[in-house]
Amino acid sequence: MSTASWNDLRINQQVCDGVIKTPDGGSFPIHRVILSAFSPYFRAYFTNSLNNGNPEFTEMVISDVSSEIIGLIIEFAYTQSCPVVMTNVHALMIAADKLSCLPVVNFCSDFISRNISSTNCISTWKFAKSYFCRDLEVKSWQYICDHIETVMLSPEFKTLTADELTKLLSADELNVKQEEEVFEAISRWVLVDPPSRQQHVSQLLHCVRFGLVSLEYYCDVIRSFPFNTEESRELLSTIDVLFDTCEDAYYYRYCYFRPRIPNEVIFTFGGWTEGSPTDVIETYDKRSDCWYLSNIKDLRIRAYHAVIELNNLIYVIGGFDGAEYFSTMHCFDPSNYSWAEKACMHDVRCYVSICSLDGEIYAIGGFNGRARLNSAEKYNPSLNQWTMIASLNKIRSDASAATLNGKIFVAGGFSGHEVMRSVEVYSPVTGHWDFVDSMTTPRSGVSLITHGRYIYALGGFDGVTRLNSCERFNSTYNRWDRIADMISPRSNMASVIVDNSIFVIGGYNGSCTIPYTEFYVEEEKTWYESSRMNINRSALSACVCRGL
C-alpha cells in the first residue's frame with residue numbers, strides 16, 4: 001500500500017490501531033506499524049520491547065511536546081514532508097530529536113541551512129551547538145565568518161559572550177575587507193553594556209592583527225578607545241614598540257601577524273603570452289593585493305578557451321594550443337589540486353562564450369578552426385553529458401555570455417566579416433534566441449559580466465582600435481547605457497566579481513599583451529588599479545572560488 005493511501009486512512013481515522021495524545025488536548029489516531037517503521041522510539045513503545053511480553057501499548061501520551069509539533073511529526077511519518085516555517089522549525093527539530101525521528105531532524109536542518117541570514121545565523125549556530133547538529137553548526141559558523149560585516153549590525157551580535165566573540169574575531173577565515181573592522185566589532189559589542197563588558201577589552205584586543213591595521217587608525221581610534229583597561233593599555237604599549245621599531249610596514253605586517261584566509265580567490269588559466277599559448281595558472285588574493293604563480297599547471301597549453309566555476313569545481317573548456325582546436329573539457333578541483341577529464345563538447349570551439357544557469361554549463365558560438373559557429377550546447381555535470389540547444393540567430397566567435405533573470409545573454413563578437421554589436425537572449429523555457437537592444441559600440445573580444453541588476457560589457461575591439469569604454473544593460477528598459485571608462489584599453493581579457501567589485505584582468509591593448517588588473521566599484525562609478533599579474537597575458541580566462 002502506498003504512503004498516500006495510508007495517509008488517507010489516517011486522515012479519515014480508518015483502521016487506526018493507536019493514538020498519540022498531548023497535554024494541550026491533542027489526540028492523533030495513528031497506525032502503529034507506520035510510526036514503528038518510522039522511528040525506533042515509537043517502535044520500542046508500541047511493540048512489547050518495553051513491557052516484558054505483556055499486551056502492546058496502543059496509546060501514548062507525550063507530555064512536553066505541543067499538539068502542533070506532534071501533528072507535524074506524524075504528518076512527516078506518513079508523507080515524508082510537512083509544512084515548516086522559521087517560527088516552528090526549532091521546536092520541531094528538538095521534538096524530533098527526542099523521539100528519534102532522524103528524517104525529521106535532517107529535514108529541519110536542511111530547512112534552517114537554506115534560510116540562514118545575517119539576522120539569525122548566530123542563534124542558529126548556538127542552537128546547532130546545543131543539540132549537536134554538526135553539519136548545521138559548521139554551515140552557520142561559516143555564514144557568520146563570511147558575512148561578518150552585516151552580522152555585526154544585527155541584534156543577535158550583541159548577544160555573543162566574550163568567549164564567543166573572541167572565537168569569532170580570532171578566526172583565520174573571518175571575512176573582513178580591512179582589519180580595522182575587527183576593532184569596530186569589538187567597539188560595537190562593548191558599547192552595548194560598557195560597565196560589564198569593559199573587563200573583556202584586553203582579551204578581545206588580542207584578536208586584532210595589528211600588522212594589518214594602518215598606523216593612523218591605530219593611533220587615532222584604537223589607542224584612544226575610551227574603554228581601554230590597564231591590562232589592554234599594557235598590550236598596546238607592546239604594540240607601540242613594534243610599530244616604532246619596525247622600519248617597513250610591510251615587513252612588520254608579514255613578520256608579526258599572519259593575514260586572514262581569503263574568502264574569495266581568483267584563478268586565471270592559460271592565455272597568449274610572448275607569442276604562444278601558456279599553461280600557467282595564477283591566483284589572486286584581494287586582501288593582500290598579490291598575484292601568485294601556482295606550481296599547478298593546466299593539463300595543456302591553451303588560449304581563447306573558457307573557464308567557469310560550478311559547485312566549487314573549475315571547468316576548463318575548449319581553446320587553441322597554436323596548432324589544434326579543442327572540444328575537450330577538464331575539471332579542476334582546487335580543494336585537492338586534482339584534474340579530471342570530462343565529456344567533450346559536440347563541436348570544437350575556441351573563442352567560445354561560456355556561462356552557467358540552473359546548474360548547467362552553456363557553450364555558445366566560437367570558431368572550430370574552419371568556420372565561425374552559431375551552434376550552442378549545454379552540459380549537465382550530474383550526467384557528464386553535453387546536449388545541443390537552439391542555435392544563435394547570428395554566427396559569432398569572440399563574443400561573450402552572461403546570465404540575468406533566468407536568461408542567457410550573448411553580446412558582440414566577430415562574424416567573419418564584421419565586428420558585431422547585436423545582443424541575443426536565450427530562454428530555457430521557450431528554447432529559442434531573441435534579439436534585444438544592441439550595444440552602443442561594436443565589440444569583439446568583449447567581456448560580459450553580470451553584477452547586481454545589470455549586465456556589463458567591458459572593452460573589446462571595434463574593428464579599428466582596442467577599447468576602454470564600457471556599458472551596461474538595463475533589462476527593465478531594454479537599454480544599454482555608458483559607464484566610466486577603464487583605465488587601460490583592452491580586448492580578450494578576463495573579468496570576475498570579487499568583493500562586490502568588477503575585476504578586469506590582462507588582455508591585449510593593440511600593441512602587446514598586458515598584465516594589468518583593475519576593478520570597478522559601482523557605488524563610486526570609478527575604476528581603480530590593483531597589482532599586476534606576474535606575466536603578460538591575453539586570451540586568458542578566469543573564475544572565482546569561494547570558501548576554500
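Residues numbered from 1 in each chain as written. Predicted model: local features only at pLDDT ≥ 70, side-chain atom pairs only at ≥ 80, totals over all residues. Heavy atoms only, no water.

- As annotated in an unreviewed UniProt entry, the chain carries the name Kelch-like protein diablo and comes from Homalodisca liturata.
- Recorded in UniProt under Function (unreviewed entry), the annotation for the chain is "Probable substrate-specific adapter of an E3 ubiquitin-protein ligase complex which mediates the ubiquitination and subsequent proteasomal degradation of target proteins. May have a role in synapse differentiation and growth."
- Note on the chain: under the UniProt heading Pathway (unreviewed entry), the record states "Protein modification; protein ubiquitination." (UniProt positions renumbered as here; feature names shortened; annotations may be inferred.)

**Quick word on the sheet that holds strand S3 (residues 59–61)**
In step 1: Strand order in the open sheet made by the 3 strands is S2-S1-S3, with mixed pairing throughout. A strand with exactly one partner marks an edge of an open sheet, and here the two such strands are strand S2 (27–30) and S3. When the angles between neighbouring strand axes are averaged without regard to direction, this sheet yields 15°.
In step 2: In the sheet, strand S1 (residues 18–21) pairs with S3 via 3 bridges, with the strands oriented parallel. Across the sheet, residue Val19 finds its bridge partner in S3, namely Glu59.
In step 3: The strands that helix H4 (residues 67–79) touches are S1 and S2; relative to S2, the one it contacts most, it runs at about 15°. (Pairing = 2+ DSSP bridges. Helix = DSSP H or I, 4+ residues; strand = E, 2+ residues; numbered from the N terminus. Axes fitted to C-alpha atoms, helices over the stretch in contact; angles between N-to-C directions. Contact = heavy atoms within 4.5 Å.)

**Focus on the packing of aromatic side chains**
In step 1: A complete count under the given rule lists 36 aromatic pairs for this structure.
In step 2: Seen in terms of ring centroids, Phe503 and Phe519 are 5.0 Å apart; in terms of plane orientation they differ by 20°. Their pairing is stacked. Placement of the pair is Phe503 in strand S26 (residues 501–505) and Phe519 in strand S27 (residues 517–521), with a sequence separation of 16 residues. Across the pair, exposure class does not vary: Phe503 and Phe519 are buried alike.
In step 3: A connected cluster of aromatic rings, assembled from ring pairs, spans Trp272, Tyr304, Phe320, Tyr325, Tyr351 and Phe367. (Phe/Tyr/Trp six-rings, centres within 6.5 Å; stacked < 30°, edge-to-face > 60°. Buried < 20%, exposed > 50% of the residue type's maximum accessible area, 1.4 Å probe, protein only.)

**With respect to the confidence of the model for the chain**
In step 1: Predicted confidence across the chain gives a mean pLDDT of 92, with 96% of residues reaching 70 or more.
In step 2: In this model residues 251–255 is a low-confidence stretch, pLDDT under 50, and it forms 12 contacts with partners more than four residues away in sequence or in other chains. (pLDDT = per-residue confidence, 0-100.)

**Regarding the pairing of strand S21 (residues 447–451)**
In step 1: Within S21, 4 of the 5 residues are buried, which leaves the element mostly enclosed by the surrounding structure.
In step 2: One ladder, built from 5 bridges, connects S21 with strand S22 (residues 454–458); its direction is antiparallel. Counterpart to Thr450 in the pairing with S22 is Ile455.
In step 3: Connecting S21 to the next strand, S22, in antiparallel fashion are 2 residues, including Gly452 with a positive phi near 65°.

**Remarks on the packing of H4 against helix H5 (residues 89–98)**
Each pair of packed helices can be summarised by the angle the axes make with each other and by the distance between the axes.
In step 1: Two elements in contact, H4 and H5, have axes whose closest approach is 10 Å; the angle formed by their N-to-C orientations is 65°. It follows that H4 is roughly perpendicular to H5 by the angle criterion. When the axes of H4 and H5 are compared, the crossing they make is right-handed. Every residue of H5 that contacts H4 at Ile69, Leu72 and Ile73 is listed here: Ala91, Leu92, Ala95 and Ala96. (Parallel < 35°, antiparallel > 145°, perpendicular 65-115°, else oblique. Left-handed = near helix turned anticlockwise from the far one by under 90°.)

**Side note on helix H1 (residues 3–11)**
In step 1: By the burial criterion, the buried members of H1 are Asn7, Leu9 and Arg10. The buried residues of H1 all sit within an arc of 155° when viewed along its axis, so they share a single face.
In step 2: Where H1 is buried, its residues meet S2 and H4.
In step 3: Phi turns positive, to about 55°, at Gln13, one or two residues after H1. (Arc of directions from axis to C-beta.)

**Some points on the domain arrangement of the chain**
In step 1: Examined at the domain level, the chain breaks down into domain 1 (3–115), domain 2 (160–257) and domain 3 (264–546).
In step 2: Distance from the C-alpha centre of domain 2 to the C-alpha centre of domain 3: 41 Å. (Domains from an automatic or database assignment.)

**Concerning the environment of Ser391**
In step 1: Structurally, Ser391 can be placed in the loop between strand S16 (385–389) and strand S17 (400–404).
In step 2: Ser391 sits 40 residues away from Gly431 along the chain, and the two C-alpha atoms are 9.8 Å apart.
In step 3: Apart from the residues within four sequence positions on either side, Ser391 is in contact with Asn374, Ser375 and Trp433.

**Some remarks on the pattern of salt bridges**
In step 1: According to the stated counting rule, one finds 23 salt bridges in the structure shown.
In step 2: Between Asp17 and Arg32 there is a salt bridge; the shortest N-O distance is 3.5 Å. Here Asp17, found in the loop between H1 and S1, pairs with Arg32, found in helix H2 (residues 32–38); they are 15 residues apart in sequence, far enough to count as distant.
In step 3: Using a relative accessible area of 34% as the deciding quantity, one classes Asp17 as partly exposed.
In step 4: Arg32 sits in the buried class, given a relative accessible area of 15%. (Salt bridge = Lys/Arg side-chain N within 4 Å of Asp/Glu carboxyl O.)

**Side note on the environment of Phe127**
In step 1: One can find Phe127 in helix H7 (residues 121–130).
In step 2: Using a relative accessible area of 10% as the deciding quantity, one classes Phe127 as buried.
In step 3: Once residues lying within four places of it in the same chain are set aside, the contact partners of Phe127 are His90, Met93, Ile94, Ile112 and Leu136.

**Quick look at the nonpolar core**
In step 1: Counting 80 residues, the largest nonpolar core has Ile20, Phe157 and Leu168 as the members making the most contacts within it.
In step 2: It is H4 that contributes the most residues to this core, 8 residues altogether.
In step 3: Taken domain by domain, the makeup of this core includes at least three residues from each of domain 1 (3–115) and domain 2 (160–257).
In step 4: For Phe157, the contacting residues outside a window of four places in its chain are Ile122, Ile148, Val151, Met152, Leu165, Leu168, Ala185, Arg188 and Trp189.
In step 5: Counting 15 residues, the second-largest nonpolar core is a separate cluster that includes Tyr315, Met329, Cys331 and Ala343. (Core = buried A, V, L, I, M, F, W, Y, C linked by side-chain atoms within 4.5 Å.)

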